Amino acid sequence: MAPFVVGSQKPEARDNTTPLEQRLGMATAVVMPVLEIGALGFVTWVVCYLICIQYLMNPSTDLRQSFGVQPRRPTGYAIIVVYAILLLSLLVPLMRLLQVIWAKPDILAPAQSTREKKDADSRPMEQYDAYICDYEGLPLFCEKCSIFKPDRTHHCKELGRCVRKMDHFCPWAGGIIGETTHKYFMQLVGYTALYTTFVWIVVAVFLADRISKVSTMIAVPSYKSEPKKLTAYRLGRVLDLG
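Residues numbered from 1 in each chain as written. Predicted model: local features only at pLDDT ≥ 70, side-chain atom pairs only at ≥ 80, totals over all residues. Heavy atoms only, no water.

Digging into the overall build of the protein
The secondary structure content of the protein amounts to six helices and seven strands. Overall, the protein shows an N-to-C arrangement of helices and strands of α-α-α-α-β-β-β-β-β-β-β-α-α. Per-residue burial for the protein yields a buried fraction of 35% across its 242 residues. Of the contacts formed within the protein by residues at least 6 apart in sequence, a portion of 58% connects residues at least 24 apart. Carbon and sulfur atoms form 62% of the exposed surface of the protein, whose accessible area is close to 15,000 Å². (Helix = DSSP H or I, 4+ residues; strand = E, 2+ residues; numbered from the N terminus. Buried < 20%, exposed > 50% of the residue type's maximum accessible area, 1.4 Å probe, protein only. Contact = heavy atoms within 4.5 Å. Areas by Shrake-Rupley, 256 points an atom, 1.4 Å probe, with all protein chains shown as cover.)

Structural data, given as structure tokens:
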């Protein structure tokens, strides 16, 4: 039975990749990290400025007098400190990951000319004490790059190159996840999960708190018979107050 392969390891996937698809993949790997950094900036503005400063530490006169919202400076300071720690913990592996990926240390250079396996240079494999061989007793060979491949090296269709210990091509992380980037990628995933969980909890708790304090005291003259319009009106008023 033929071995089961997925993703960019399928021969038909490698053969059918066009230069345009490769350029699009590389462009996406550049654009996505920029969008992520922009999203982090927006979330920082929401959490630190709108929630902590404008709502918790220095609520407006309207909120204080009309709805009894009092300053909670210790809470605001605590959230800002925890948020800054989590944001820094996320940014450090992200920046390190982008640095290593864009340096391309795991990408193997293809042969200068197309060669058959029997004519390929096997001297780069001499640095390894052991490696997997095919049925002919030769190291595994990449027909696209015309080179012998070290163990766990795979051909990436997005790059058109062989990558040592290739895991996958991740545009969210800025490129290929391989031998030297696994550590930073896993750190990024873990800290992103912590950061996202914290942000969702803070936003949900204080949005619910604001709605509970403000929405019940808003006068609504003509929507009592239409619950959906009433809810939308109150929510809009809650978000507008500041």
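Structural notes on a nonpolar patch on the surface
On the surface, a nonpolar cluster with roughly 410 Å² of combined accessible area is contributed by Phe 42, Trp 45, Tyr 49 and Ile 53. With respect to the helices and strands, Tyr 49 occurs in helix 2 (residues 19-57). (Patch = residues over 30% accessible without salt bridge, like charges linked within 9 Å, V, L, I, M, F, W, Y side chains within 5 Å. Salt bridge = Lys/Arg side-chain N within 4 Å of Asp/Glu carboxyl O.)

Section: the sheet that holds strand 4 (residues 154-156)
If you walk across this open sheet you meet the three strands as 1-5-4, and the pairing is antiparallel. The open sheet has two free edges, formed respectively by strand 1 (107-108) and strand 4, since each of these has just one partner strand. (Pairing = 2+ DSSP bridges.)

Some remarks on the packing of aromatic side chains
In the structure shown here, the tally under the stated rule is four aromatic pairs. Between Trp 45 and Tyr 49, the ring centres sit 6.5 Å apart and the planes meet at 20°, which makes this aromatic pair stacked. Residue Trp 45 and its partner Tyr 49 are located together in helix 2, separated by four residues, close to a single helical turn. Since its relative accessible area comes to 43%, Trp 45 is described here as partly exposed. Pairwise contacts between aromatic rings join Phe 42, Trp 45 and Tyr 49 into one cluster. (Phe/Tyr/Trp six-rings, centres within 6.5 Å; stacked < 30°, edge-to-face > 60°.)

Things to note about the pattern of salt bridges
It is possible for side chains of opposite charge to pair when their charged atoms get near one another. Tallied over the entire structure, the rule returns three salt bridges. Between Arg 72 and Asp 209 there is a salt bridge, with its nearest N and O atoms 3.1 Å apart. With Arg 72 in the loop between helix 3 (61-67) and helix 4 (73-103) and Asp 209 in helix 5 (residues 182-214), this residue pair connects regions lying 137 residues apart in the sequence. Judged by its relative accessible area of 23%, Arg 72 falls in the partly exposed class. Residue classification places Asp 209 among the buried residues on the basis of a relative accessible area of 18%. Note that Glu 179 is salt-bridged to Lys 165, the shortest N-O span being 3.8 Å. Here Glu 179, found in the loop between strand 7 (175-177) and helix 5, pairs with Lys 165, found in the loop between strand 5 (161-163) and strand 6 (168-170); they are 14 residues apart in sequence, far enough to count as distant. By relative accessible area, Glu 179 is classed as partly exposed at 34%. Take Lys 165: its relative accessible area is 30%, and that puts it in the partly exposed class.

Looking at helix 4
With 31 residues, helix 4 should reach 45 Å at 1.5 Å per residue; the first-to-last C-alpha distance of 44 Å fits that figure. Within the span of helix 4, buried status applies to Gly 76, Ile 79, Tyr 83, Leu 86, Leu 87, Leu 90, Pro 93, Leu 94, Leu 97, Leu 98, Val 100 and Ile 101. Buried-residue contacts for helix 4 involve helix 2, strand 7 and helix 5. Lys 104 sits one or two positions beyond helix 4 and adopts a positive phi of about 55°. (Expected span 1.5 Å × (residues − 1).)

Some remarks on the packing of helix 4 against helix 5
At a minimum axis distance of 9 Å, the contact between helix 4 and helix 5 shows a crossing angle of 155°. Considering the angle they form, helix 4 stands roughly antiparallel to helix 5. Handedness of the crossing formed by helix 4 with helix 5: left-handed. A per-class count over the contact of helix 4 with helix 5 returns 20 nonpolar, four polar and one charged. (Axes fitted to C-alpha atoms, helices over the stretch in contact; angles between N-to-C directions. Parallel < 35°, antiparallel > 145°, perpendicular 65-115°, else oblique. Left-handed = near helix turned anticlockwise from the far one by under 90°. Nonpolar A, V, L, I, M, F, W, Y, C, P; charged D, E, K, R; others polar.)

Some words on the confidence of the model for the protein
Residues at a pLDDT of 70 or more form 77% of the protein, whose mean pLDDT is 79. When the elements of the protein are averaged for pLDDT, helix 1 (residues 11-15) gives the smallest value, 48, and helix 4 the largest, 93. For residues 1-14, every residue scores under 50 in pLDDT, and the model assigns this stretch 16 contacts once sequence neighbours within four places are set aside. (pLDDT = per-residue confidence, 0-100.)

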